[in-house]
Amino acid sequence: MLGKTVCIGVGAMGGALLRGALSQGILRRDDVSIIVRRPEHRNELVDELGVTGFVELPDMAQFDTIILAVKPQVLPSVLSQLTSVKAGATVISVAAGVTLDTLRKALPTAVLYRAMPNTPASIGCGMTALTADNGANDADTTFVEALFNAVGEVAVVSEADLDRLGALSGAGPGYMFVILDALADAGVRIGLPRQLAIKAVAQTMYGAGKMALESGTHPAVLRDQVTSPGGTTIAGIGAMEKGGLRSALQDGVVACLARSNELGK
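Engineer: Would you mind going over helix α8 (residues 194-215) in detail, with residue names and values included?
Structural biologist: A rise of 1.5 Å per residue sets the reference length of α8, with its 22 residues, at 32 Å; its end C-alpha atoms lie 31 Å apart and thus fit the reference within 8%. Following α8 by one or two positions, glycine 216 adopts a phi angle in the positive range, close to 70°.

Engineer: Lay out the pairing of strand β1 (residues 5-8) in plain terms, naming residues and giving numbers.
Structural biologist: Burial of β1 is two-sided: the residues Thr5 and Cys7 facing one way and the residues Val6 and Ile8 facing the other way are all buried. Each parallel crossover has a hand, and for β1 linked through helix α1 (residues 12-23) to strand β2 (residues 32-35) it is right-handed. As paired strands, β1 and strand β4 (residues 65-68) are joined by 4 bridges and run parallel to one another. Bridge pairing in β4 links cysteine 7 to isoleucine 67.

Engineer: Which residues make up the nonpolar core, and what are the values?
Structural biologist: Note on soluble globular proteins: their nonpolar side chains tend to be buried together. In terms of nonpolar packing, the biggest core is built from 30 residues, with Leu18, Leu27, Ile92, Leu147 and Phe148 touching the most fellow members. Elements supplying a minimum of two residues to this core: α1, β2, α2 (39-49), β6 (111-116) and α5 (138-149). Leave out the neighbours within four places in its chain, and phenylalanine 148 touches Leu17, Ile92, Val94, Ala115, Pro117, Thr128, Leu130 and Val154. If you look at the next biggest cluster of nonpolar residues, it comprises 22 residues, including Val70, Leu75, Val91 and Leu100.

Engineer: Give a description of the pairing of β6 that names residues and reports values.
Structural biologist: Across the 6 residues of β6, 6 count as buried, placing the element largely inside the fold. Because side chains alternate across β6, one face comprises the buried residues Val111, Tyr113 and Ala115, and the other comprises Leu112, Arg114 and Met116, equally buried. Both strand β5 (residues 90-93) and β6 contribute to a ladder of 4 bridges, which runs parallel. Bridge assignment links threonine 90 to a residue of β6, and that residue is valine 111.

Analysis parameters
Residues numbered from 1 in each chain as written. Predicted model: local features only at pLDDT ≥ 70, side-chain atom pairs only at ≥ 80, totals over all residues. Heavy atoms only, no water. Helix = DSSP H or I, 4+ residues; strand = E, 2+ residues; numbered from the N terminus. Expected span 1.5 Å × (residues − 1). Buried < 20%, exposed > 50% of the residue type's maximum accessible area, 1.4 Å probe, protein only. Right-handed = clockwise from strand over helix to strand, strands pointing away. Pairing = 2+ DSSP bridges. Core = buried A, V, L, I, M, F, W, Y, C linked by side-chain atoms within 4.5 Å. Contact = heavy atoms within 4.5 Å.

So yeah, pure geometry; function would need other evidence.
Structure, rendered in structure tokens:
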């Protein structure tokens, strides 16, 4: 079990994770503490979540599970202060690009995990890649997986695949919002009111994704089902392909992974 848990950093991702886990009973409010920098932020979260709050690091030996939900550039400073973490404590990092090797050097006696959730976790529709260090056992992983299942879907993968999924699904909402915005602009261009165009595109993206997930059908087959010979949809797809849509999306994911690898060095 996760036991006494502390979340260091409660921004968008840490907050989403705690809210999901608390609402589904994965974590008990009496067992949860948070550490944030600003007293006013701490007070707001304590009132909202019903947990214990700190602005300075308490004695970390009291915690069974430590969630590191700070930005990658902040994490080295936090790790240097975690000198009292007890042996066998579970430590979960959601910092992009910070490797298990880096975590292991700072916390050699902890059971280590890296997680790469994405922002739809805030509405319970996230996609999280999860990887464990060699010291983790199946029972540990089951509980950590349940924590992230509270905010969406989880894939337990190798560390290399976690970084790859970070570039695909971790950053993916950013790609989707750019595509949504571009298609909404196209709707305005052909005469639709902007709010209607945005709603139509967002619902279409949601529905298409749901079809792919629930049917298990390859997206190329689903595409073929809506492209009649000589029809309108294939004409639109042809124009997009001519503009390099497919290669641009692929290049973006490759560039994102390259940047993630740079941050991890």
